[in-house]
Amino acid sequence: MSSRTWRIGGGLVAVALTVSLTACSDAGDLSIRNEGSADVTVLTGDEEVTVSAGGGAVLLDYGCTPGDVTVELPSDEPVVLAGPVCPGQEIVIRDGTVGLERTNAG
């Protein structure tokens, strides 16, 4: 390969890496909504948040979780959401289910 080909290929790899890293690195608010009938505990990897039944929580300027998110439901096994979870996604808890939904923010 010529040196020009290497420069172009290397540049494309650098751009792709930068885009993928910045997509989940800017600080934004991480939102949690509990539509269930019981309080739950949400573990983000470096934060532990108890969210009341029918309530919610927002971690201001938190950015992305460092990894998976664990939601401890009162009567079931903990549910693990594959992370990182980033602004633009909301952790939504309903009776017996946990999931991610897109938000308008982020």
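Right above here is the structure, for reference.
Computed from a prediction, not measured in an experiment: that's the story for all the values here.

The tally for this structure, following the rule as stated, stands at one disulfide. Put simply, Cys 64 and Cys 86 are joined by a disulfide, and their sulfur atoms are 2.1 Å apart. Taking the sign of the torsion about the S-S bond as the criterion, the disulfide between Cys 64 and Cys 86, at about 115 degrees, is right-handed. Of this pair, Cys 64 sits in the loop between strand S4 (56-59) and strand S5 (69-72) while Cys 86 sits in the loop between strand S6 (79-81) and strand S7 (89-94), and the two are 22 residues apart along the sequence. Given the relative accessible area of 6%, Cys 86 is considered buried.

The strand order S3-S2-S5-S6 describes an open sheet built from four strands, whose pairing is antiparallel. Looking along the sheet, the strands with just one partner apiece sit at the ends: strand S3 (48-51) and S6. Taken over all neighbouring pairs, the strand axes of this sheet differ in orientation by 20 degrees on average, direction set aside. By the bridge criterion, four bridges tie strand S2 (residues 40-43) to S3 in an arrangement that is antiparallel. Looking at the pairing, Val 40 lines up with Val 51 of S3.

Attention now goes to the pattern of salt bridges. Taken as a whole, this structure holds five salt bridges when the rule is applied. Linking Glu 35 and Arg 33 is a salt bridge whose minimum nitrogen-to-oxygen distance equals 2.3 Å. Taking the shortest distance from any N to any O, the salt bridge between Arg 33 and Glu 90 comes out at 2.9 Å. One end of the pair, Arg 33, is in strand S1 (residues 30-34); the other, Glu 90, is in strand S7, with 57 residues separating them in the sequence. Linked through salt bridges whose partners overlap, the residues forming this network are Arg 33, Glu 35, Glu 90, Arg 94 and Glu 101.

Cut-offs applied
As a convention, each chain's residues are numbered from 1 in the sequence order in which they are written. Restriction of local features to residues with pLDDT of at least 70 applies here, the model being predicted, together with a cutoff of 80 or more for giving and counting side-chain atom pairs; totals for whole chains, interfaces and linings are based on all residues. The side-chain figures draw on all heavy atoms in the structure; neither hydrogens nor water molecules are used. Throughout, a disulfide means two cysteine sulfur atoms within 2.5 Å of one another. Helix and strand labels come from DSSP, where a helix needs a run of H or I of at least four residues and a strand needs a run of E of at least two; each type is numbered from the N terminus. Throughout this description, buried means an accessible area under 20% of the type-specific maximum (1.4 Å probe, protein chains only), exposed means over 50%, and partly exposed covers the range between. Note on pairing: DSSP must find at least two bridges between two strands before they are called paired. Lines fitted to C-alpha atoms define the axes, with helix axes restricted to the stretch in contact, and inter-axis angles between N-to-C directions lie between 0 and 180 degrees. Whenever a carboxyl oxygen of Asp or Glu lies within 4 Å of a side-chain nitrogen of Lys or Arg, that contact is scored as a salt bridge.

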